[in-house]
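Observations on the model geometry
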Protein chains: 2
Amino acid sequence: MHTQVKCNNCSLDNICLPRGLSSHEINHISNIVKARKTLQRGEFLYRQGDQFSGVLAIKSGSAKLVADDSHGNEHILDILLPGELLGFDGISKNLYHCSAIALETSSFCLLPAHSIDQMITHVPGLARELFRHSGDKINNNNIHRVMAKRPAEERLAFFLIELSERLKTRGFSSKEFTLSLTRQEIGNHLGLALETVSRILKKFQQQGIIQVKNKAITIKKQDALRAILQPVESDLF
Amino acid sequence: MHTQVKCNNCSLDNICLPRGLSSHEINHISNIVKARKTLQRGEFLYRQGDQFSGVLAIKSGSAKLVADDSHGNEHILDILLPGELLGFDGISKNLYHCSAIALETSSFCLLPAHSIDQMITHVPGLARELFRHSGDKINNNNIHRVMAKRPAEERLAFFLIELSERLKTRGFSSKEFTLSLTRQEIGNHLGLALETVSRILKKFQQQGIIQVKNKAITIKKQDALRAILQPVESDLF
DNA sequence: CGTATTATTGACTCCATTCAAAGATAGTGG
DNA sequence: CCACTATCTTTGAATGGAGTCAATAATACG
């Protein structure tokens, strides 16, 4: 019998791992998942090259997923919001291929690597669930790769809409939010110069589409924002 | 006891699904995996929007993974070579998010979706294996996203090196190979105009790095090719 | 052999980057 | 609390890499 049950360690019911799992399965997970740890901005959830310690869930705050190339340039591959999972970059080689860094004071919990194998046997629903999440990451990545070909304004519009949607899913305001990212980081994530980010945000503001006050963003005209990315619209949501 | 055993349906031993599986497990898989089908260039292995039918393995030939946006533009997200797996885009929503299209006469086999759930229970080693492969795709995607920020020459150099490496892994020549892609398709995959692809291939040839004869590529100076992408080199291989 | 597709090459244009400098914000210690 | 510093942001001007347009050439295909 499938029920909506909290993961004992997780206040974010129904958006974290437990989805479509039986209460028996969730109890099993609750015993395995390690309770939250708290980190400050700039601290690492894990480091590129570290041994895979497991799949993590953000419980509060946010993080960035970063790949460092050999010249010390960082590439922000993903932004993680509360309830979202990370660590899939470590599965294939048992080493993390990216670093995960807190963007603000954040807490998270851990599904330890050494438990994953057992769980695949004992909690088949969870294996399916993890597999699904992993597939989600792939699809998401693909959308970003399609967007990477689009002009700067579309990329930024997409970034704002996607963030807004994801926050909404987690019960936060989709209209007003605070970016814990600098213009530099936004630009890095989108493959744009920080000046370009600044200019386009200003342009959107002048058009009355958004309100920008430092890192606080208010979306005034969601439709206008969506209209900017019409060309690839239907795929994305 | 773990042995190197062929999947009964697969001539590509050790590079396909069976890796680190017991012979018992592989026998189990052999009964489930559907034998090969053959397709001609341009035919679909699956279509964007189709119900997820399973994970596929290319046995011979090659395919492209394509996402169509709402304006009919196609985006080539991946190239699949013999022994490589595809279909992970269908796992999360039970619908394929991309289309897979044969680039030449190709054959493939199928691990059916309806078997995956059972197998997660009965062949835990396989669940782990699929999960690993899925993680591989994620890491690969990330490398491509990093490369997408680099200038055109590096992207093309990377494309050639990556292809060469992957062919080598599968026992094909890493120095000489035939691209089953048009300049248009290469450009699409790399986010470049087809004219740019043409110009850069010519430049590489003039530098003596490669030899281009229509779709046949010969790599003359692998080192020189690698040198072009020094800035991100160490991450990739 | 003729037609359609694909590839090459050149000229021009433009979007976004880079460079540069000034302005705002946040954080720190006196 | 204010001054001081470091970091981040804005804004302008100039540059350049890659795209677009256009015309020709080569190749593949029926």
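1. Structural notes on the pattern of salt bridges
Oppositely charged side chains may form a pair once their charged atoms are brought near each other. Residue and element names in this part refer to chain A. Scanning all chains against the criterion turns up 22 salt bridges over all chains. Among the ionic pairs, E84 bridges to R166, the shortest N-O distance being 2.7 Å. Separated by 82 residues along the polypeptide, E84 in the loop between strand 5 (74-80) and strand 6 (85-86) and R166 in helix 4 (residues 152-169) bring together distant segments of the chain. One exposure class covers both E84 and R166, and it is buried. Residue R150 is joined to E154 by a salt bridge in which the shortest nitrogen-to-oxygen separation is 2.7 Å. With respect to burial, R150 and E154 carry one shared label: buried. A cluster of three or more residues bridged by salt bridges with shared partners is formed by R41, K64, E74 and E185.

2. Side note on the relation of the copies chain A and chain B
Taken as rigid bodies, chain A and chain B are interconverted by a rotation of 180° and an axial shift of 0.0 Å, the fit giving an RMSD of 0.0 Å. The transformation relating the two chain copies, once decomposed into turn and shift, fits a two-fold axis. Interface residue correspondence from chain A to chain B reaches 100%, placing this contact among same-surface, isologous pairings.

3. Here's the deal with the protein's contact with DNA strand C
Neighbouring residues of DNA strand C: 17 residues in total, closest A:A152, A:T196, B:R183, B:S198 and B:K202. Here, DNA strand C places atoms within 4 Å of the protein, and 59% of those atoms are sugar or phosphate. Within the side chain of A:T196, a nitrogen or oxygen atom sits 2.3 Å from a phosphate oxygen of DNA strand C. In the environment of DNA strand C, a base oxygen lies 2.9 Å from a nitrogen or oxygen atom belonging to the side chain of A:R199. Those elements that place two or more of their residues in the surface near DNA strand C are helix 6 (194-206) of chain A together with helix 6 (194-206) of chain B. The biggest single contributor to the surface near DNA strand C is helix 6 of chain B, with 5 residues. Across the surface near DNA strand C, the residue classes tally to 5 nonpolar, 5 polar and 7 charged.

4. With respect to the nonpolar core
Among the nonpolar cores identified, the biggest contains 76 residues, and A:L45, A:I116, B:L45 and B:I116 are the most heavily contacted of them. Residues contacting A:I116, with those up to four places away along its chain left out, are A:F52, A:V55, A:L111, A:L130 and B:F131.

5. Quick look at the interface of chain A and chain B
Chain A puts 47 residues into the contact, and the matching count from chain B is 47 residues. Contact between chain A and chain B buries roughly 4,200 Å² in total, counting both sides, with carbon and sulfur atoms accounting for 56%. The largest per-residue losses of area from chain A upon contact with chain B belong to A:F131, A:R145 and A:K149, which jointly make up 18% of the total buried on that side. One can count 2 salt bridges joining chain A with chain B.

6. A few points about the packing of helix 2 (residues 113-122) of chain A against helix 3 (residues 124-147) of chain B
As a packed pair, helix 2 of chain A and helix 3 of chain B sit with axes 9 Å apart at the nearest point and diverge in direction by 125°. As judged from the angle between their axes, helix 2 of chain A and helix 3 of chain B are oblique. Helix 3 of chain B is crossed by helix 2 of chain A, and the crossing has right-handed handedness. Where helix 2 of chain A approaches helix 3 of chain B, its residues A:I116, A:D117, A:I120 and A:T121 are matched on the opposing element by B:P124, B:A127, B:R128 and B:F131. For the contact of helix 2 of chain A with helix 3 of chain B, the class distribution of residues is 5 nonpolar, 1 polar and 2 charged.

7. A short note on the sheet that holds strand 10 (residues 210-213) of chain A
Residue and element names in this part refer to chain A. Read from one edge to the other, the open sheet built from 3 strands follows the order 9-11-10, with strand pairing classed as antiparallel. Where the open sheet ends on each side, the last strands, each with one partner, are strand 9 (176-178) and strand 10. Within the sheet, the average angular offset between the axes of one strand and its neighbour, ignoring direction, is 15°. Where helix 4 meets the sheet, it contacts strand 9, strand 10 and strand 11 (216-219), and its direction lies at approximately 100° from that of strand 9.

8. Comments concerning the protein's contact with DNA strand D
Around DNA strand D, the surrounding shell holds 18 residues, and the nearest of these are A:R183, A:S198, A:K202, B:A152 and B:T196. Close to the protein, within 4 Å, the atoms of DNA strand D are drawn from sugar and phosphate at a rate of 61%. Measuring from a phosphate oxygen of DNA strand D, one finds a backbone N or O atom of B:G191 at 3.3 Å. Within the contact set of DNA strand D, a base oxygen lies 3.0 Å away from a side-chain nitrogen or oxygen of B:R199. Broken down by element, the surface near DNA strand D gets its largest block of residues, 5 residues, from helix 6 of chain A. For the surface near DNA strand D, the per-class residue count stands at 5 nonpolar, 6 polar and 7 charged.

Conventions used here
- Residues numbered from 1 in each chain as written.
- Chains lettered and ligands numbered in written order.
- Predicted model: local features only at pLDDT ≥ 70, side-chain atom pairs only at ≥ 80, totals over all residues.
- Heavy atoms only, no water.
- Salt bridge = Lys/Arg side-chain N within 4 Å of Asp/Glu carboxyl O.
- Helix = DSSP H or I, 4+ residues; strand = E, 2+ residues; numbered from the N terminus.
- Buried < 20%, exposed > 50% of the residue type's maximum accessible area, 1.4 Å probe, protein only.
- Least-squares fit on C-alpha atoms with pLDDT ≥ 70 in both.
- Contact = heavy atoms within 4.5 Å.
- Near = heavy atom within 4 Å.
- Polar contact = N/O pair within 3.5 Å; in protein donor to acceptor, adjacent residues only side chain to side chain.
- Nonpolar A, V, L, I, M, F, W, Y, C, P; charged D, E, K, R; others polar.
- Core = buried A, V, L, I, M, F, W, Y, C linked by side-chain atoms within 4.5 Å.
- Buried area = accessible area lost by both parts, 1.4 Å probe.
- Axes fitted to C-alpha atoms, helices over the stretch in contact; angles between N-to-C directions.
- Parallel < 35°, antiparallel > 145°, perpendicular 65-115°, else oblique.
- Left-handed = near helix turned anticlockwise from the far one by under 90°.
- Pairing = 2+ DSSP bridges.

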